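Observations on the model geometry
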Amino acid sequence: MNKVLLITDLLFVATVTVIGYNNDGFDKTPVLLKILVGAAFASCIIRHINFYRHTKRIY
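Quantities reported herein were computed from a predicted structural model and do not represent experimental measurements.

For the α-helix, the turn length of 3.6 residues means that residues three or four positions removed from each other point alike. Look at helix α1 (residues 2-22): 30 Å from first C-alpha to last across 21 residues, which is about the 30 Å you get at 1.5 Å a residue. As for α1, its buried residues are in contact with α2 (31-55). In the segment just after α1, Asp24 is the residue with positive phi, at about 55°.

Written as C-alpha cells, this is what we have:
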C-alpha cells in the first residue's frame, strides 16, 4: 500500500510538472484540465486520509 501511494503521488507531481512546463504555467491551461488536476489532487488527499485511518500511521 505504501508503494502504491508513493508511485501515484510521484505520477501526479510529474503530470503537473509536465503540464506546467508545456503550457508555460497553469495560466494558459484550459479550465477543464484545471478541474481535472484539482480532482486528482483531492483524490490523493482522500487516499492519504483513508490510509492513515486504516493503518494509524503516515506512510
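What follows covers a nonpolar patch on the surface. Taken together, the side chains of Val31, Leu32, Ile35 and Leu36 present a nonpolar region at the surface, about 430 Å² in accessible area. Positionally, Leu36 belongs in helix α2.

The rules behind these values
Residues numbered from 1 in each chain as written. Predicted model: local features only at pLDDT ≥ 70, side-chain atom pairs only at ≥ 80, totals over all residues. Heavy atoms only, no water. Helix = DSSP H or I, 4+ residues; strand = E, 2+ residues; numbered from the N terminus. Expected span 1.5 Å × (residues − 1). Contact = heavy atoms within 4.5 Å. Patch = residues over 30% accessible without salt bridge, like charges linked within 9 Å, V, L, I, M, F, W, Y side chains within 5 Å. Areas by Shrake-Rupley, 256 points an atom, 1.4 Å probe, with all protein chains shown as cover. Salt bridge = Lys/Arg side-chain N within 4 Å of Asp/Glu carboxyl O.

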